[in-house]
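# Examination of the molecular architecture
So you can see what is in the structure, the chains are spelled out below.
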Amino acid sequence: ESSLPLPASPMTPHDSLKLELGDRSYNILIGTDLIKNAGDLISPVLKQPRVVVVTDENVAPLYLPTLQQSLSAAGISHTEIILHAGEQTKSLSYLEGVIDALLDQKIERGTSLIALGGGVIGDLTGFAAAIALRGIDFIQIPTTLLSQVDSSVGGKTGINTRYGKNLIGSFHQPKMVLADITSLESLPTREVLAGYAEVVKYGLINDVSFFDWLEINGQALCNGDRTLRQSAVLKSCRAKAAIVSEDEREEGVRALLNLGHTFGHALEAETGYGDTLLHGEAVAVGATLAHELSAATRLCPMEDARRVKEHYRAVGLPASLADVTGVDWRAEALISHMGSDKKVKDGRLTFILTRGIGQAFVTSNVALKDVRTTLVAAIST
Ligand code: NAD
Ligand code: MG
């Protein structure tokens, strides 16, 4: 009779990359079995075998049991905090609730938090980790496409206030990011597309060959192809990691990641940060507008602006104000929202403009009349 232990089920290979930030460097793993193996994967970065998982009510029933099982199997003790889903959760009152729960459980300096969910959970949990006991470690397990390609990487954490989004926060890097692309399979299509808008953004910033690849593969990727999703998440995380390594605190190149966001934030402010227009949808429209503004001021070929618009529309994203129906768009209202954007510097608007797909640059040299003309055109086409 053999008494050999059963072999552990083999893990499918995953991609991995390192975000280089000196002693705050961390690994980003992208693959299909990562939640199932999270316990073993995170063990090496834990100061003590104890974590608190923060998640939301939509994600908990889907992925929390698998995560709990893998933590237990790895000998990591764990408790959970399950919050309401939605942007309202990124608030001072929920932050207070999380901090109270952590202190109530008598967490120690070596206890780590795990953010299991989308960008809302990631931003809130990261900020709680930044301030609890003057700073504890946390790990990101992003479960939306947007959080896998954007918010889980780079260490921006924070909450919203009545004065605007993300106005309270901190730079606090995670110790590890586990992007399990199978978790995207339960995500509503509209959320997948919203995340895809940010994927396209990386091509638009500095990688025209990635944009070319997305023109060919974007549709299948959005429809669920795992191999394409894994490639796109890897490519996006690599692009973001490179920029963050160079400029963690957005004093320079990191601003390029805001391509489409000056316009986008104005659109979100006008529609109330809700269901009318998701952030990623606003970015799709905003990135197209940035190209149209660049084309109108003869910085960028008209043809490139057309390609961007067509690609967003081809996958089912809005690419123009005219695509977002049921809103009475007015150029002046949007311009006044831009004036209260977080990125305003000495009263001047900062835009990311472009010389063509993959050639974005930061400028505050933009004439308001050109912005107005671009907006007016987009309201009707
Ligand atoms: P989200 O966290 O609200 O998730 C979207 C919805 O999907 C929620 O209802 C959530 O419960 C649900 N969900 C999550 N994972 C799921 C899954 N696997 N299956 C089914 N449903 C699932 O939104 P988001 O788009 O992930 O993130 C948006 C937030 O991210 C915003 O607050 C934004 O400000 C922030 N953000 C932060 C950064 C950063 O650098 N920190 C960057 C971009 C965006
Ligand atoms: Mg964004």
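Right, let's walk through the structure included here. Once a new chain begins, its residue numbering starts again from 1 and follows that chain's sequence as written. As they are written, the chains are lettered A onward and the ligands numbered 1 onward, keeping that order. Local features in this predicted model are restricted to residues of pLDDT 70 or higher, and side-chain atom pairs are both shown and tallied only at a pLDDT of 80 or more, whereas totals for entire chains, interfaces and linings draw on every residue. Based on all heavy atoms of the structure, the side-chain values leave hydrogens and waters out of the count.

Only DSSP runs of H or I with at least four residues qualify as helices, and only runs of E with at least two residues qualify as strands; both kinds are numbered from the N terminus onward. Within the chain, the secondary structure is distributed over 13 helices and 11 strands. In terms of overall dimensions, the chain has C-alpha extents of about 80 × 45 × 40 Å along its principal axes. Note on definitions: a residue-residue contact is assigned when non-hydrogen atoms from the two residues lie within 4.5 Å. For the chain, contacts bridging at least 24 residues in sequence account for 74% of all contacts bridging at least 6. A total accessible area of about 16400 Å² is found for the chain, and carbon and sulfur atoms account for 51% of it. To be clear on the numbers: accessible area is Shrake-Rupley with a 1.4 Å probe, and residue cover counts the displayed protein chains and nothing else.

Further remarks concern the sheet that holds strand β5 (residues 112-117). Sheets are built from strands paired through backbone hydrogen bonds, the pairs being either parallel or antiparallel. Taken together, the seven strands give an open sheet; going across it, the order is β1-β2-β9-β6-β5-β3-β4, and neighbouring strands pair in mixed fashion. Among the strands making up the open sheet, the edge pair consists of β1 (15-19) and β4 (77-83). Recorded for the sheet is a direction-independent mean angle of 20° between the axes of neighbouring strands. Only strands that DSSP links by at least two bridges are regarded as paired with each other. Bridge count between strand β3 (residues 50-56) and β5: five bridges; the pairing is parallel. Pairing of Val54 across the sheet is with Ala115, part of β5. Orientation is described by lines fitted to C-alpha atoms, with helices fitted over the stretch in contact, and by angles between N-to-C directions that extend from 0 to 180 degrees.

The next subject is the site of ligand 1. The local shell around ligand 1 holds 25 residues, among which Asp56, Gly119, Thr143, Thr144 and Ser186 are the closest. Distance and chemistry together define a polar contact, namely a pair of N or O atoms within 3.5 Å, with one atom able to donate a hydrogen and the other to accept it when in protein, and with adjacent residues in sequence counting only for side-chain atoms on both sides. For ligand 1, an oxygen atom lies 3.1 Å from a polar atom in the backbone of Val120. Here a nitrogen atom of ligand 1 sits 2.8 Å away from a polar atom, N or O, in the main chain of Ser183. Contact with the protein chains removes 87% of the 860 Å² of surface that ligand 1 exposes when unbound. Every element with two or more residues in the shell around ligand 1 is listed here: α2 (60-73), α4 (119-131), α5 (145-151) and β8 (164-171). Grouping the constituent residues of the shell around ligand 1 by class yields seven nonpolar, nine polar and nine charged. It suffices for a single heavy atom of a residue to lie within 4 Å of a molecule or strand for the residue to be listed as near it. Each residue gets one label: Ala, Val, Leu, Ile, Met, Phe, Trp, Tyr, Cys and Pro are nonpolar, Asp, Glu, Lys and Arg are charged, and the others, such as Gly, are polar.

One face of the sheet, then the other: side chains in a regular strand alternate in exactly this way. Among the six residues that make up strand β6 (residues 137-142), six are buried, leaving the element largely enclosed by the rest of the structure. For every residue, the accessible area obtained with a 1.4 Å probe (protein chains only) is divided by the maximum for its type, and the residue is called buried under 20%, exposed over 50%, and partly exposed between those limits. Burial along β6 is two-sided: the face carrying Asp137, Ile139 and Ile141 and the face carrying Phe138, Gln140 and Pro142 are both buried. Direction of pairing for β5 relative to β6: parallel, over a ladder of six bridges. Across the sheet, residue Ser112 finds its bridge partner in β6, namely Asp137. Of the crossover connections in this fold, the one passing from β5 over α4 to the parallel β6 is right-handed. Bridge count between β6 and strand β9 (residues 176-180): two bridges; the pairing is parallel. Opposite Ile139, over in β9, you have Met176 as the bridge partner. Crossovers are marked right-handed if the path from the first strand over the helix to the second runs clockwise, as seen with the strands pointing away from the viewer.

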